[in-house]
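Survey of secondary and tertiary structure
Chain by chain, the residues run as shown.
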Amino acid sequence: MMEDKVRQIREEIEGQIASIETSAALYEFRKKFLDNKEGQIAQLMKAMKDLTKEERPVFGKIVNELKTWATEQFDLYDAQIKAKELALKNKAEEIDVTMPGVMHTPGALHPDTLIINELIDIFSGMGFEIFEGNEIENDYYNFTALNTPKDHPARDMQDTFYVSEDFLLRTQTSAGQIHVMENAKPPIKILSPGKVFRSDDDATHSPMFSQMEGLVVDKNISVCDLQGMLDIFSQRIFGEGVKTRLRPSYFPFTEPSVEVDVSCFACGGAGCKLCKGTGWIEVLGAGMVNRHVLENCGIDPDVYSGFAFGMGVERIAMLKYGINNIKALFESDTRFADQFKN
Ligand code: DAH
């Protein structure tokens, strides 16, 4: 009876072990016989207690032999299967070190970003703090508080995109001036970069572009402070020896208002294609903050005065890098940006 069982175990192992393909399956199959508690061989050993004293050693020897034999079989097959599995795994993970690598070309900063970074550098060196305003404004911040009430002819200077009856895409970063002055007491010295939007589209205008606004408010601020700051700014951005010139102009939010020219950095002022023969290039608008604007923000114009300026970032980039069509700045062609890599 017990001999039958021994034979049967042997036959089952011999009959099936060769067809097992994975080490996991082999492990399960092994447990069936060799598990210390539940295994069929362990069960056989347990059953030996029912044998007679004489039978026990004889049978014990047989079961031990079976156990030794089975262990060897399983170890042998296990080693073979594991070797095969390892070979497969290695094959799957094989790396051909002679294959050419994937090249990653680092990108380049957009000319707008280069100019914005440069301006922030220059002005923060002069003590300006950065303020980023809202791209969506209401009529009050974009126009009315800037001394440009409804029906004011200056509104025609900027064709506005409205997003609803009350809200619009800001046409100028000047809107940020109002937020700053409403929330801070002088001395105020801020620089405000940001995108602005106008319904305007040709070789030098884009419906979306970037501006850089500046505002300084304190006691005794005069046009001389503006001029001195502009000289430093111009020389830093366009080169040593560049001069500035203020021309009378008009903006509702400044009085007096000026248009700022720099001496042509291409020809040194002699007259060339870039400056259209005049020796001067217009770069920004500026002026002394209109007293109505200060009043609108709760700042006493009899105690404080200030200057403001605003420039188009693309215009500065086009001048500085010799770009002749603003569209090149918005085509997202990485080869274009690559040219300005330094
Ligand atoms: N906001 C003006 C524009 O978009 C530029 C400007 C002019 C800003 C004079 C100023 C300023 O702060 O004082 O055309």
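These figures come from a predicted structure and were not determined experimentally. Every chain begins its residue count from 1, and numbering advances along the sequence as written. The model is predicted, so local features are restricted to residues of pLDDT at least 70 and side-chain atom pairs to those at 80 or more, both for listing and for counting; the totals for chains, interfaces and linings are taken over all residues. Calculated side-chain values reflect all of the structure's heavy atoms, with hydrogen atoms and water omitted.

1. A few points about the overall build of the chain
Stated formally: Helical segments are the DSSP runs of H or I of at least four residues, strand segments are the runs of E of at least two, and each set is numbered from the N terminus. Values of the radius of gyration come from C-alpha atoms, whereas the globule rule sets the reference at 2.2 Å times the count of residues to the power 0.38. Type-normalised accessible area, obtained with a 1.4 Å probe on protein chains alone, sets the label of each residue: buried when under 20%, exposed when over 50%, and partly exposed for intermediate values. Contacts are assigned to residue pairs with any non-hydrogen atoms lying within 4.5 Å of each other. Accessibility throughout is a Shrake-Rupley quantity obtained with a 1.4 Å probe, and a residue counts as covered only by protein chains that appear here. For the charge count, each Lys or Arg is scored as positive and each Asp or Glu as negative, with His and the chain ends excluded. Taken as the charge centre is NZ of Lys, CZ of Arg, CG of Asp or CD of Glu, depending on the residue.
Each helix and strand in the chain was counted, giving 11 helices and nine strands. In terms of overall size, the chain is more extended than a compact globule, its C-alpha atoms giving a radius of gyration of 42 Å where 342 residues would be expected to give roughly 20 Å. Principal-axis analysis of the C-alpha atoms gives the chain an extent of 125 × 50 × 35 Å. Evaluated residue by residue, the chain yields a buried proportion of 41% over its 342 residues. Across the chain, contacts joining residues at least 24 apart in sequence account for 65% of those joining residues at least 6 apart. For the chain, the accessible surface area stands at approximately 19,600 Å², while carbon and sulfur atoms represent 53% of it. On the chain, the mean spot of the 37 positive side-chain charges and the mean spot of the 53 negative ones are 8 Å from each other.

2. A word on the site of the ligand
The line we're drawing: Residues are classed as near a molecule or strand on a simple rule: at least one heavy atom within 4 Å of it. By the criterion applied in these results, polar contacts are pairs of N or O atoms within 3.5 Å in which, for protein atoms, one can donate a hydrogen and the other can accept it, and in which residues neighboring in sequence qualify only through two side-chain atoms.
Close contacts around the ligand come from 16 residues, with Gln172, Ser174, Arg198, Gln211 and Glu213 the closest. Contact between the ligand and Gln177: an oxygen atom at 3.1 Å from a side-chain N or O atom of the residue. Gln211 places a side-chain nitrogen or oxygen 2.8 Å from an oxygen atom of the ligand. Across the complex, the protein chains shield 91% of the 360 Å² of accessible surface that the ligand would expose by itself. Of all elements in the fold, only β5 (208-218), β8 (280-289) and β9 (305-312) reach the threshold of two or more residues within the shell around the ligand.

3. Some thoughts on the domain arrangement of the chain
It is common to give the size of an interface as the accessible area that goes away when the parts come together. The following threshold applies: Domain segmentation is taken from an automatic or database assignment of domains.
Partitioning the chain into domains gives domain 1 (2-92) and domain 2 (111-338). Centre-to-centre, using C-alpha coordinates, domain 1 lies 87 Å away from domain 2.

4. Observations concerning the nonpolar core
In globular proteins that are soluble, nonpolar side chains generally tend to be buried together. Definition in use: For our purposes a nonpolar core is just a set of buried Ala, Val, Leu, Ile, Met, Phe, Trp, Tyr and Cys residues, chained together by side-chain atoms within 4.5 Å.
In terms of nonpolar packing, the biggest core is built from 35 residues, with Phe123, Met229, Val283, Leu284, Phe309 and Met311 touching the most fellow members. At the level of secondary structure, the elements contributing two or more residues to this core comprise α5 (111-125), β5, α8 (223-238), β7 (254-263), β8, β9 and α10 (313-321). Counting residues per element, this core draws most heavily on α8, which supplies six residues. If you look at the next biggest cluster of nonpolar residues, it comprises 21 residues, including Ile13, Leu26, Phe33 and Val63.

5. Side note on the sheet that holds β9
The criterion, for reference: Only when DSSP finds a minimum of two bridges between them are two strands counted as paired. For every element, the axis is a line fit to its C-alpha atoms; helices are fit only across the contacting stretch, and the angle between N-to-C directions ranges from 0 to 180 degrees.
Here seven strands make up an open sheet; going across it, the order is β1-β4-β5-β9-β8-β7-β6 and the pairing mixed. Looking at which strands have only one partner, the edges of the open sheet turn out to be β1 (129-130) and β6 (244-251). With eight bridges joining them, β5 and β9 adopt antiparallel strand pairing. Residue Asp218 lies in a different strand from β9, and its bridge partner there is Ser305. Most of the contacts of α5 go to strand β4 (residues 188-197), to which it runs at about 170°, and overall it touches β1, β4, β5 and β9.

6. Quick look at the packing of aromatic side chains
Counted only if it meets this: Aromatic pairing here means that ring centres of Phe, Tyr or Trp (its six-membered ring) are within 6.5 Å. Orientation follows from the plane angle: under 30 degrees is stacked, over 60 is edge-to-face, and everything else is tilted. For a lysine, the NZ atom is tested; for an arginine, the CZ atom; a charge sits over a ring if that atom is within 6 Å of the ring centre and within 35 degrees of the ring normal.
Following the criterion strictly, the structure yields 12 aromatic pairs and no others. Judged by centre distance (5.2 Å) and plane angle (25°), the ring pair of Phe123 and Phe309 falls under stacked. With Phe123 in helix α5 and Phe309 in strand β9, this residue pair connects regions lying 186 residues apart in the sequence. You'll find Phe123 and Phe309 in the same group, each marked buried. Site record: aromatic cluster; members linked through ring pairs are Phe123, Phe128, Phe233 and Phe309. Over the aromatic face of Trp69 sits the side chain of Arg10, whose NZ or CZ is 4.3 Å from the ring centroid.

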